[in-house]
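# Fold and geometry: a report
So the chains spell out like this:
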2 protein chains.
Amino acid sequence: MLEKKMKFGGILGFDNGVMLAPMGADISGPELVAAVANAGGIGLLASPVNDYEMTVKAIQETKKLTDKPFGAGVLLEFDNAKSIRAIIDEKLACLEVYWGDFPKEMVDEAHKHGIKVIHQVGSVKAAERAIAAGVDCIVAQGVEAGGHVVGSVALMALLPRIVDVVGDRGIPVVAAGSISEARGYVAALALGAKGICVGTRFIATKEAYANKYYKQQLLHYTEQETDLTDLYGRLTWRANVRCLNTPFHQQWRNAPDDVQNDENQPIIGYSIIYSKEVVLRRFAGQVANRTTCGELENMVMLAGQGVGLVNDIIPAGEVVKRYVEGAKTIIKELGETYLINSRKKEDEKEEDDEKEEGWTWIRKLCL
Amino acid sequence: MLEKKMKFGGILGFDNGVMLAPMGADISGPELVAAVANAGGIGLLASPVNDYEMTVKAIQETKKLTDKPFGAGVLLEFDNAKSIRAIIDEKLACLEVYWGDFPKEMVDEAHKHGIKVIHQVGSVKAAERAIAAGVDCIVAQGVEAGGHVVGSVALMALLPRIVDVVGDRGIPVVAAGSISEARGYVAALALGAKGICVGTRFIATKEAYANKYYKQQLLHYTEQETDLTDLYGRLTWRANVRCLNTPFHQQWRNAPDDVQNDENQPIIGYSIIYSKEVVLRRFAGQVANRTTCGELENMVMLAGQGVGLVNDIIPAGEVVKRYVEGAKTIIKELGETYLINSRKKEDEKEEDDEKEEGWTWIRKLCL
């Protein structure tokens, strides 16, 4: 009966297969997570780094805005034991981990508290390790994704391979990377995914805790205008991110390897991130949130290649609805275009006008 | 009636939407082109560079092996007036052009002779220019593709954007890049393509004029093990290709910018390419064909990220069949998984056992 009660593409007990990427520092904050949860999607809070109180606070603020289940994401690059403890104590529905290995004991610990574990990976090998650790869901991230990018393979090539590795273990695979609308959702389903994980499209929503300037820029850049770079945030975490190829970025993208966002760099702004004041120096890794002031145009703006398909700022619930309703329409159209006609072709010899009308009738009813 | 007579996904008058990439030098030769044509796909000969007689010879050899229509591809990087003349004189069904602009006068000239023009592009801007020139079909090539790669955007982000730019002009868009099996075919259809253009998967066929060693290597490399590089063939054409990240390639991939395949480089083998003897020096751009001898492991092996899904060497007709039959099955499954259940959900209040059996019946009949 559970299956039946789920709406289009439900996974992990959620109504549908639309997952909000836990975008840091606090872009995927309480408002956005609650909006996605209320729309039946899987909202993932970007958890504060290794901070018990702040994580609890963010979770409780989200709970005020929704009574639906939601989760949180943590980065395995850093010690996040305190944030994970908070997530367990608050009994969230799920915990997403990324950028590193999450050992079986930790997965077991989460399970003991009824928390499902989602592991985002960028390669088949990392998927194999996640499966061995007993995770409940795998997010396969393609290189076209925005923000931190762990792999080098495009979704078209990576996703079916990870689906094959999962096999019949019943672990849903979710696709991440440039899926800005329903066409990408159905493409992901065709490749074997059970859902999609979405970042960039959700930044351009009313509820995202991103700066207006950042949201607006997403509407003006195309798929051609992103770059994969390790220029930002090097002081704490040297890793590739995909970001908008802004004039500032073009000017600095080939900066020497030893350039980093340390005290030699000028201050370009200030932010409050999860109640904490942060000074932003040039090449800082933090995107601009609602509180940020300073040289907004010189701050990193993380985005995937799917940015070319993002053309409006709308409520997050509307984003989820467009994915789900759009996907249904596309699947119907695929059936109408390719199945009925090919069936006709097979039955061509028996075909007559009456029979054709018969098909039209069934098509209307069924697709 | 034409529409009805086409099989799954027919475009440009061919039975189905499976297009063979014109892989050089002579990998997409008469045998492979004829095999794809005989299976109802669009076989594209890799035309010899600007050589009237050799192009006519290759076309006539292909015509001996098939009475189905087929086409040929030419590179706009080089003057190819003589090859194009041969293609027109031989009245092929279509001409594919790549890597540059093909002016309206040339498109008109092809049309005057009943030849359809296909333009492969890697960006929305190039697609706009092709539309303005009046082409009949656009191939959208993602950065995950093998061989020469003109763009930088993954298919998931590029394809729907090009489909939108085409709009309702009735120009089919074909997807190229890492589509090694039916899942990718349906993903491309979902993103708005009408067909797929396939390279790597067709190299691992009995009919491809590739060296056995090259074919075998495709079975052993994964999506993780390709590289985008301009190391090869620099003497004649400096451009990015995607190739297998072999031990040889790993050793040399960061070679200085001025290293090229000139007379300073040792001879590593010999080939006969379209009846012409060719000396292969280190970093030559030519892949190994059936005649090639020498250090095969030190020659470039072009392949897309879809190589991870290529696991057998089979007849090319079987490849086409797997795409077409597999795509039908996947579209059926998408309908069964997402449409019937969601319909059930909507009608949940009226739902009873009899009604459910009714759906099962319709499902069997229709999907």
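These lines cover the structure that appears in this document, whether it is placed above or below. Predicted model only: the values in this text are computed from it and were never measured.

If you tally the helices and strands in chain A, you get 13 helices and 14 strands. The C-alpha atoms of chain A give a radius of gyration of 22 Å, which matches the 21 Å a tight globule of 367 residues would have. The principal-axis extent of the C-alpha atoms belonging to chain A is close to 80 × 50 × 40 Å. A separation threshold of at least 6 residues defines the contact pool for chain A, and within that pool the share at least 24 residues apart is 60%. Looking at chain A as shown, the accessible area adds up to about 14800 Å², and 48% of this sits on carbon and sulfur atoms. Between the averaged position of the 42 positive side-chain charges in chain A and that of its 50 negative side-chain charges there is a distance of 3 Å.

Let us now look at the sheet that holds strand β8 (residues 173-176) of chain B. Residue and element names in this part refer to chain B. Strand order in this open sheet of eight strands is β1-β9-β8-β6-β5-β4-β3-β2, and the pairing throughout is parallel. Whereas interior strands pair on both sides, the edge strands pair on one side only; in this sheet they are β1 (18-20) and β2 (44-46). In this sheet, adjacent strand axes meet at a mean angle of 30 degrees when their direction is disregarded. Relative to strand β9 (residues 195-198), β1 runs parallel, the two sharing three bridges. Paired with Met19 across the two strands is Cys197, which belongs to β9. Against the sheet, helix α8 (residues 182-190) touches β1, β8 and β9, its axis set at about 130 degrees to β9.

To continue, consider the pairing of β8(B). All names here are of chain B. Side chains Val173 and Ala175 project from β8 onto one buried face, and the interleaved Val174 and Ala176 project onto a second face that is buried too. The pairing of strand β6 (residues 137-141) with β8 spans four bridges and is classified as parallel. What sits directly across from Gln141, in β8, is Ala176. In terms of strand pairing, β8 meets β9 through three bridges, oriented parallel. Following the sheet pairing, Ala175 is matched in β9 by Ile196. After leaving β8, the chain enters α8 and then returns to the sheet as β9, a path that is right-handed.

This paragraph deals with the pattern of salt bridges. Applying the stated criterion across every chain yields a total of 40 salt bridges over all chains. Ionic pairing is found between A:Arg129 and A:Asp101, a salt bridge with its closest N-O pair at 2.9 Å. One end of the pair, A:Arg129, is in helix α6 (residues 124-133); the other, A:Asp101, is in the loop between β4 (94-98) and α5 (104-112), with 28 residues separating them in the sequence. With a closest N to O distance of 3.8 Å, B:Lys57 and B:Glu61 form a salt bridge. In this pair, B:Lys57 and B:Glu61 are both assigned in helix α3 (residues 52-65), four residues apart and thus about one turn of the helix distant. Under the relative-accessibility criterion, B:Lys57 is labelled partly exposed at 39%. Taken together, the salt bridges that share partners define one network made up of A:Arg85, A:Asp89, A:Glu109 and A:Lys112.

Take the packing of helix α6 (residues 124-133) of chain B against helix α7 (residues 155-166) of chain B next. Residue and element names in this part refer to chain B. Interhelical geometry of α6 versus α7 gives an angle of 30 degrees and a closest axis separation of 10 Å. As the angle between them shows, α6 and α7 are arranged roughly parallel. Viewed along their axes, α6 and α7 form a crossing whose handedness is right-handed. Taking contact as the criterion, the partners of Val124, Ala127, Glu128 and Ile131 in α6 are, on α7, Leu158, Arg161, Ile162, Val165 and Val166. Class assignment of the residues belonging to the contact of α6 with α7 gives a composition of seven nonpolar, no polar and two charged.

On the surface, A:Ile267, A:Tyr270 and A:Val279 cluster together to form a nonpolar patch covering roughly 270 Å² of accessible area. Here A:Tyr270 falls in the partly exposed class, since its relative accessible area comes to 44%.

Parameters at a glance
- Residues numbered from 1 in each chain as written.
- Chains lettered and ligands numbered in written order.
- Predicted model: local features only at pLDDT ≥ 70, side-chain atom pairs only at ≥ 80, totals over all residues.
- Heavy atoms only, no water.
- Helix = DSSP H or I, 4+ residues; strand = E, 2+ residues; numbered from the N terminus.
- Rg over C-alpha atoms; globule rule 2.2 N^0.38 Å.
- Contact = heavy atoms within 4.5 Å.
- Areas by Shrake-Rupley, 256 points an atom, 1.4 Å probe, with all protein chains shown as cover.
- Lys, Arg positive; Asp, Glu negative; His and termini not counted.
- Charge placed at Lys NZ, Arg CZ, Asp CG, Glu CD.
- Pairing = 2+ DSSP bridges.
- Axes fitted to C-alpha atoms, helices over the stretch in contact; angles between N-to-C directions.
- Buried < 20%, exposed > 50% of the residue type's maximum accessible area, 1.4 Å probe, protein only.
- Right-handed = clockwise from strand over helix to strand, strands pointing away.
- Salt bridge = Lys/Arg side-chain N within 4 Å of Asp/Glu carboxyl O.
- Parallel < 35°, antiparallel > 145°, perpendicular 65-115°, else oblique.
- Left-handed = near helix turned anticlockwise from the far one by under 90°.
- Nonpolar A, V, L, I, M, F, W, Y, C, P; charged D, E, K, R; others polar.
- Patch = residues over 30% accessible without salt bridge, like charges linked within 9 Å, V, L, I, M, F, W, Y side chains within 5 Å.

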